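Chain by chain, the residues run as shown.
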Amino acid sequence: RAELIDAVLKQLENDNVRSVLLQFSDMVGKPKNVAIPTKQMKKALTEGISFDGSSIQGFARLEESDMVLRPEPATYQIIPWSDEKYRVARFICDVYTTRGEPFIGDPRYILRQQLEKAAKLGYTFNVGPEMEFFLFRLINGHPSVELQDHGGYFDQTPTDPGEDVRRDLVTSLSEMGFDIEASHHEVAPSQHEIDFTYGNALAMADKVVTFKFVAKTLALHRGLHATFMAKPIYGINGSGMHVNCSLMKDGQNAFFDPEGEHQLSDTARHFIAGILKHIDGITRIANPTVNSYKRLIPGYEAPVYVGWSAMNRSALIRVPSSRGKSTRAELRSPDPTCNPYLTFAVMLAAGMEGVTQKIEPPESVDKNIFRMSAEERAAEGIRCLPWSLHEANTALMNDPLLCSVLGEHVVSQINRLGELEWGDFSKHITDWELNRYLATY
Ligand code: ADP
Ligand code: MG
Ligand code: MG
Ligand code: MG
Ligand code: MG
C-alpha cells in the first residue's frame, strides 16, 4: 500500500496536477465531488478525507453524518480540458464510516459486494452499456428541448455543433482511458449514442458516471445541453442505456457453448431466467424516474413486454447474434437516469440466483411481440413491465432478494424517494389533462 501511495503521488507530481477532484455517487447516481489541493492527497490516500454525508441524497443517517472518502488509485484520470499549467485530476472514491467500515449506503460498495459474491463462485461480470442522450440548445443559459439537428440513425450532419460535441467527447474520453467502440447519431433528431468497449462491471459503472459528467461539461463548452432524461419529447424515441452483459469463468465467456441451443450455455439461460424473474423490482432501479415510464411504451424501440429472444430486436432481453467471446445478453430496459452501480448490482444478483438455482427461462419469443394481440400475449403468458414508478417501487419492496442486495438503509431511502416523487407528480395538473378535459367538461 505504501508503495502504491508513493507511486500515485509521484504520478501527480509528474503530471503537474495542482488540484484533485474526489468523486463519488449519491444514491440517485448523481456525481458528487470535493476538490482538494494535491498536497492533501497523501492524507487522502492514507486516512481518507472527511465530509458531511447528511446533505447527500440517500446518505442521510441520523446516527452519523460524518463520512470518509477513500480515493481508488486505479481510477486516477487527468481532466483533459483542465489548464496544462494547472492540471486537475480526479479519483473515484469509496465511502467509509468514521469507524473505518464501508458505508452501507455507498452504491459502489453495493456493487462490489455482488461482484465479490460472484467471484467466490468463479465468475466475473462484464457489461457493455450503450449510452443514448440528447443534445439540446441552451436558451439564455437554460436547458431547453429545442432540437439541435434533424439528423437520424447513423446520419452525418457535418456542420452541426452536435457532431462537434460528439467528436470532443470521443477525444476527451479516449484521453481519460475509455475504449470507445463506436459513436453515432441515434434515431431521433439531436440524439446521439456512444458505446464503450465492455469490461468489469465496477470499472464500467465508474465510466458511466464519468461519461455523463464529461458529456454535460463538453456540451456546455459548445453552448449545448446534454441530457440523459429518458423521454424528453413526446412522440420521439427516448434515450436508453442498453446493458450488454456476460459472465466469465476461467478466462472464458461462460455464456457461450457451441453445443447448446442457440450456442448458449446453461449458465446464459439460467442468468437470463433470473433477470426475467426479478425484472419488476429491477425496473425500479434501472428506470428510476416518473419520466422513465414514458419511454417504456410501444412504438419507439423500447421494451414493454417481459421476454427474451435470440432473434428479435424488440425483446426485453435480446441475445445478439455474435458468439464466442462476444456472447452476451442485452437488457434493453434500463435508461441513463439510472444509478449504474445499483443497476449492475441488481442485475448480477438476479442473474446469479438464476445460475445457482438453475432457473429455466420461459420459451424465447421469436415473433414480434408488438404485433401480437393482447389475447395472443396472454395465451403465451407474456407480462408487461411495470407501467409506473409507483408500480415498480411496490415490486421492489416485494422482492426479498433485491431488497437484501440493496440493504435496509438503501431500500428505505429508495422507497421514500420513489413515493415522494410519485406523490408529487400525481398532484400536478399536466397540459395533457387541460387539453383533454378543460373544454369538454
Ligand atoms: P447494438 O447492436 O445493440 O446497437 P452496440 O454495438 O451499440 O449494440 O453495443 C454492443 C455493446 O456490447 C458494446 O458496448 C460491446 O462492448 C458490448 N459487448 C460485446 N461483447 C460483450 C460481452 N462479452 N459482454 C458484455 N458486453 C459485451
Ligand atoms: Mg447501439
Ligand atoms: Mg452500435
Ligand atoms: Mg441505440
Ligand atoms: Mg442495443
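The present account deals with the structure reproduced in this document. All residue numbers refer to positions counted from 1 along the written sequence of the respective chain. Just so you know, chain letters begin at A and ligand numbers begin at 1, following the order they were written in. Whole-chain, interface and lining totals are the exception, using all residues; otherwise, since this is a predicted model, local features are given only for residues with pLDDT of at least 70 and side-chain atom pairs are given and counted only at 80 or more. Processing note: side-chain calculations cover all non-hydrogen atoms of the structure and skip hydrogens and water entirely.

1. Examining the coordination of the magnesium ion (ligand 2)
- Distances from the magnesium ion (ligand 2) to its protein donors, Glu 130 (OE) and Glu 193 (OE), fall at 2.1 to 2.2 Å.
- Atoms of type N, O and S within 2.8 Å of a metal are treated as its donors, and for Na, K and Ca the window is 3.2 Å; water is not considered, so some sites may appear to be missing partners. In this structure, the magnesium ion (ligand 2) is positioned 3.1 Å from the magnesium ion (ligand 3). Separated by 63 residues along the polypeptide, Glu 130 in strand E7 (residues 123-139) and Glu 193 in strand E10 (residues 191-196) bring together distant segments of the chain. Just as Glu 130 is buried, Glu 193 falls in that class too. Each helix is a run of H or I in the DSSP string that is no shorter than four residues. Each strand is a run of E no shorter than two, and both are numbered from the N terminus. Type-normalised accessible area, obtained with a 1.4 Å probe on protein chains alone, sets the label of each residue: buried when under 20%, exposed when over 50%, and partly exposed for intermediate values.

2. Observations concerning helix H7 (residues 279-286)
- Counting buried positions along H7 yields seven of eight residues, so the element is predominantly enclosed.
- All of the buried residues in H7 are Ile 279, Gly 281, Ile 282, Thr 283, Arg 284, Ile 285 and Ala 286.

3. Observations regarding the packing of aromatic side chains
- Two rings belonging to Phe, Tyr or Trp (six-membered ring only in the last case) form a pair when the distance between their centres is within 6.5 Å. Interplanar angles under 30 degrees mark stacking, angles over 60 mark edge-to-face geometry, and anything in between is tilted. All told, the structure shown has 14 aromatic pairs when counted by the stated rule.
- Taken together, the aromatic side chains of Phe 133, Phe 178, Phe 196, Phe 211 and Phe 228 make up a single cluster linked through ring pairs.
- Counting as a charge over the ring demands two things of the Lys NZ or Arg CZ atom: a distance within 6 Å of the ring centre and an angle within 35 degrees of the ring normal. The ring centre of Phe 178 lies 5.3 Å from the NZ or CZ of Lys 207, which sits over that ring.
- It is Lys 231 that lies over the ring of Tyr 300; its NZ or CZ is 3.7 Å from the centre.

4. Focus on the nonpolar core
- One finds Phe 125, Leu 169, Phe 211, Leu 247, Phe 271, Phe 344 and Leu 406 to be the most contacted residues of the largest nonpolar core, which totals 89 residues.
- The leading source of residues in this core is helix H5 (residues 201-221), at 12 residues.
- Only heavy atoms enter the contact rule, under which two residues are in contact if any of them lie within 4.5 Å. Those residues within four positions of Leu 169 in sequence are excluded, and the remaining contacts are Phe 133, Ile 194, Phe 211, Val 214, Ala 215 and Leu 218.
- In this structure, Ile 5, Leu 12, Val 17 and Met 67 belong to the second largest nonpolar core, which totals 23 residues. Buried residues of nine kinds, namely Ala, Val, Leu, Ile, Met, Phe, Trp, Tyr and Cys, make up a nonpolar core once their side-chain atoms join them within 4.5 Å.

5. Some words on the side chain of Ser 364
- Tracing the sequence through the fold places Ser 364 in the loop between helix H9 (340-356) and helix H10 (374-379).
- The class of Ser 364 is buried, set by a relative accessible area of 19%.
- Between N or O atoms, a polar contact is any pair within 3.5 Å; within protein, one atom must be a potential hydrogen donor and the other a potential acceptor, and residues adjacent in sequence are included only when both atoms are from side chains. Separated by 3.0 Å, the side chains of Ser 364 and Asp 366 make a polar contact.
- Discounting chain neighbours no more than four positions away, the residues touching Ser 364 are His 262, Trp 308 and Ser 309.

6. Examining the side chain of Asn 339
- Mapping Asn 339 onto the fold places it in the loop between strand E17 (329-331) and H9.
- Polar side-chain contacts of Asn 339 include one of 3.3 Å to the backbone oxygen of Asp 26.
- For Asn 339, the contacting residues outside a window of four places in its chain are Asp 26, Met 27, Val 28, Gly 29, Pro 107 and Ile 285.

7. Topic: unusual backbone geometry
- Positive phi, close to 65°, is recorded for Ser 190, a residue that is not glycine.
- With respect to the element layout, Ser 190 can be found in the loop between strand E9 (180-185) and E10.

8. As for the site of ligand 1
- Here a residue counts as near a molecule or strand whenever at least one of its heavy atoms sits within 4 Å of it. Around ligand 1, the structure places 20 residues, and the nearest of them are Asp 195, Phe 196, Ser 246, Arg 318 and Glu 330.
- In this structure, Glu 181 approaches ligand 1 through a side-chain N or O atom, which is 3.0 Å from an oxygen atom.
- Between ligand 1 and Arg 313 there is a distance of 3.3 Å, counted from an oxygen atom to a side-chain nitrogen or oxygen.
- For the accessible areas, the method is Shrake-Rupley and the probe is 1.4 Å, while residue cover comes only from the protein chains on display. Burial of ligand 1 by the surrounding chains reaches 87%, relative to a free accessible area of 590 Å².
- Contributing elements (two or more residues each) for the shell around ligand 1: E7, E10 and strand E13 (241-249).
- Residues are sorted three ways: Asp, Glu, Lys and Arg are charged, Ala, Val, Leu, Ile, Met, Phe, Trp, Tyr, Cys and Pro are nonpolar, and all the rest, Gly among them, are polar. Of the residues in the shell around ligand 1, the class split is three nonpolar, eight polar and nine charged.

9. Quick look at the pairing of strand E2 (residues 31-37)
- One bridge is not enough; two strands pair if DSSP finds at least two bridges between them. Alignment of strand E1 (residues 17-25) against E2, held across seven bridges, turns out to be antiparallel. Following the sheet pairing, Leu 21 is matched in E2 by Ala 35.
- Counting the residues in the hairpin turn of E1 and E2 gives five residues, including Gly 29, whose phi is positive at 85°.

10. A look at the packing of H9 against helix H12 (residues 400-427)
- Viewed as axis vectors pointing N to C, H9 and H12 meet at an angle of 150°, and their least axial separation amounts to 9 Å. Classified by the interaxial angle, the pair formed by H9 and H12 is roughly antiparallel. In this structure, H9 uses Leu 342, Ala 345, Val 346, Ala 349, Ala 350 and Glu 353 to contact H12, whose residues at the interface are Leu 401, Leu 402, Val 405, Leu 406 and Ile 414. Here the axes come from fitting lines to C-alpha atoms, over the contacting stretch only for helices, and the angles between their N-to-C directions go from 0 to 180 degrees. An angle below 35 degrees is read as roughly parallel, one above 145 as roughly antiparallel, one from 65 to 115 as roughly perpendicular, and any other as oblique.

11. Describing the state of the cysteines
- To count as a disulfide, a pair of cysteine sulfur atoms needs to be within 2.5 Å. Counted by the stated rule, this structure contains zero disulfides.
- Counting only cysteine sulfurs, Cys 338 is the nearest neighbor of Cys 245, a cysteine outside any disulfide, at a range of 13 Å.
- We classify Cys 338 as buried; its relative accessible area is 0%.

12. Observations concerning the pattern of salt bridges
- One side-chain nitrogen of Lys or Arg within 4 Å of one carboxyl oxygen of Asp or Glu is enough to make a salt bridge. A full pass over the atoms with the stated rule returns 15 salt bridges.
- Arg 269 is the partner of Glu 360 in a salt bridge, and the nearest nitrogen-oxygen pair spans 2.8 Å. Here Glu 360, found in the loop between H9 and H10, pairs with Arg 269, found in helix H6 (residues 266-277); they are 91 residues apart in sequence, far enough to count as distant.
- When its relative accessible area of 48% is taken as the criterion, Glu 360 is described as partly exposed.
- Between Lys 277 and Glu 353 there is a salt bridge, with the nearest N and O atoms lying 2.8 Å from each other. Residue Lys 277 is located in helix H6, and its partner Glu 353 is located in helix H9; the two are separated by 76 residues in the primary sequence.
- Lys 277 gets classed as partly exposed once you look at its relative accessible area, which sits at 48%.
- Connected through shared salt-bridge partners, Asp 94, Arg 108, Arg 112 and Asp 206 make up one network.

13. Describing a nonpolar patch on the surface
- Residues qualify for a patch when their relative accessible area is over 30% and they have no salt bridge, like charges being joined within 9 Å and the nonpolar side chains of Val, Leu, Ile, Met, Phe, Trp and Tyr within 5 Å. Together, Ile 429, Leu 434 and Leu 438 make up an exposed nonpolar region whose accessible area comes to about 320 Å².
- You can see Leu 438 is positioned in helix H13 (residues 431-438).

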